[in-house]
Amino acid sequence: MSGELSKAIGERGEEISRNLLTLLGWEKTITNLSIDCIKSHHINKNKNKKISHGEDELFIYNCPIIDTRTVVVHVSVKHTMEYNENLSERKKTLKKHILELGEIIECGKSTHQIKDCINEYQNCRPDIIHFGLLIYTENKKDSQNNCLTHEIPTFNFENKIKDNIIVLDNYRIEFLYKVLTYMKNNFKIFSFTVPDFGYNLLNSQKTQINHLNINMMCSDVLPFRIDLGDRFEVVIFVNESFNILAFKRVISYAIGFSKEFSKKIKIGFPDFDKLLHLHEQQKVLNNLNNLGIEIETFCFNDSFLNL
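Because the structure is predicted, anything quoted here is derived from the model rather than measured.

Strand order in the open sheet made by the six strands is β7-β6-β8-β9-β10-β11, with mixed pairing throughout. Every interior strand has two partners, whereas the edge strands, β7 (208–209) and β11 (294–299), have only one. Where strand β10 (residues 264–269) lies against β11, six bridges are found, and the strand directions are parallel. Counted as the bridge partner of Ile 267 is Thr 297 from β11. Strands in contact with helix α4 (residues 170–186) are β6 (191–193), β8 (221–228), β9 (231–238) and β11; relative to β8, the strand with the most contacts, it is inclined by about 10°.

What follows is the structure, encoded as structure tokens:
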């Protein structure tokens, strides 16, 4: 592969990732930061000790779930043009990228470059936790339904990964892209909703934030809030085919976190069809008449059939 092509592939990956992070509300990041390598066991491809690591992006925010915590996210961007049909080779590449990000976090927690960034962050809290976010994209559209991250539990990292790392592949990014595109096309203002996990000792959890919390990156249920004057509506996306059980679960979930303040809940499935699923939907909704809540079901995959 020529140097020019390799550079173009890298730049395309950075472009995709930056646009994705903007959709997710991760706009105020620190980009292209070089940090010292301080671990003797970090070896480059020439078997020499590494001198430095490259941080593609660094995102710092105060955790909305735990009120004493500030989150530092080390973002690594990888993009490949050559899609390998061999699953074992694809797994090998993904594992290599995860291990590289693990090294970045391991050094980053102790280097002055990252500490300086944290010290500059306003209202930093005493508990600092580091996460990794690997955005791994493959330049192949028909691989979007092939979830490579499902293979990660089979990897043997030999205890080299010390911190939590979230991986976004084509499958996960496609879901996030469709969800955020739908929200931006249909609502001028909306908030990302953080479910109440009950961790806040001071009961001060901020449930409505302007970016997607890293804990929700791989969730198959994404809730949003639409404020309409003195009331609000709930919009929830489900990354699962429509079925009665999933429909019941997400309604119960929505009613729980809306705490009866919202009288309208919109639930999106990727394949909901007003004709095919009409009777199944009615079976569930007929049991909710006494709650005084309006449930609207929709398909978030664009099609004229959704009109």
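Looking now at the packing of helix α5 (residues 244–258) against helix α6 (residues 278–285). In contact at an axis separation of 10 Å, α5 and α6 are set at 40° when each is read in the N-to-C sense. Taken as axis vectors, α5 and α6 run oblique relative to one another. Here α5 and α6 pass one another in a crossing that is right-handed. Along the contact surface, α5 presents Ile 244, Phe 247, Lys 248 and Ile 251, while α6 presents Glu 280, Gln 281, Lys 283, Val 284 and Leu 285. Among the residues making up the contact of α5 with α6, the classes are represented as five nonpolar, one polar and three charged.

When you line up the elements, Lys 264 lands in strand β10. Side-chain polar atoms of Lys 264 contact the side chain of Glu 296, separated by 3.4 Å. Here Lys 264 is in contact with Glu 233, Val 234, Glu 294 and Glu 296, once residues within four sequence places are set aside.

For helix α3 (residues 112–120), the set of buried residues is Gln 113, Ile 114, Cys 117 and Ile 118. In an axial view of α3, the angular spread of the buried residues amounts to 135°, which keeps them on one side of the axis. Looking at α3, the residues exposed on the side facing more than 90 degrees away from the buried face are Asn 119 and Glu 120. In this structure, the buried residues of α3 make contact with β1 (30–36), β2 (52–62), β3 (69–80), α2 (87–108) and β4 (127–138).

What follows is about the pattern of salt bridges. Enumeration over the complete set of coordinates arrives at 17 salt bridges. Its salt-bridge partner being Glu 151, residue Lys 91 comes within 3.7 Å of it at the nearest N-O pair. With Lys 91 in helix α2 and Glu 151 in the loop between β4 and β5 (164–168), this pair connects stretches of sequence that are 60 residues apart. Across the pair Asp 220 and Arg 172 runs a salt bridge, and its minimum N-O distance is 2.9 Å. Here the residue Asp 220 occupies a position in the loop between β7 and β8, and Arg 172 occupies one in helix α4, the gap between them amounting to 48 residues. Overall, Asp 220 belongs to the partly exposed group, its relative accessible area being 35%. One salt-bridge network, held together by shared partners, links Lys 264, Glu 294 and Glu 296.

Conventions we followed
- Residues numbered from 1 in each chain as written.
- Predicted model: local features only at pLDDT ≥ 70, side-chain atom pairs only at ≥ 80, totals over all residues.
- Heavy atoms only, no water.
- Pairing = 2+ DSSP bridges.
- Helix = DSSP H or I, 4+ residues; strand = E, 2+ residues; numbered from the N terminus.
- Contact = heavy atoms within 4.5 Å.
- Axes fitted to C-alpha atoms, helices over the stretch in contact; angles between N-to-C directions.
- Parallel < 35°, antiparallel > 145°, perpendicular 65-115°, else oblique.
- Left-handed = near helix turned anticlockwise from the far one by under 90°.
- Nonpolar A, V, L, I, M, F, W, Y, C, P; charged D, E, K, R; others polar.
- Polar contact = N/O pair within 3.5 Å; in protein donor to acceptor, adjacent residues only side chain to side chain.
- Buried < 20%, exposed > 50% of the residue type's maximum accessible area, 1.4 Å probe, protein only.
- Arc of directions from axis to C-beta.
- Salt bridge = Lys/Arg side-chain N within 4 Å of Asp/Glu carboxyl O.

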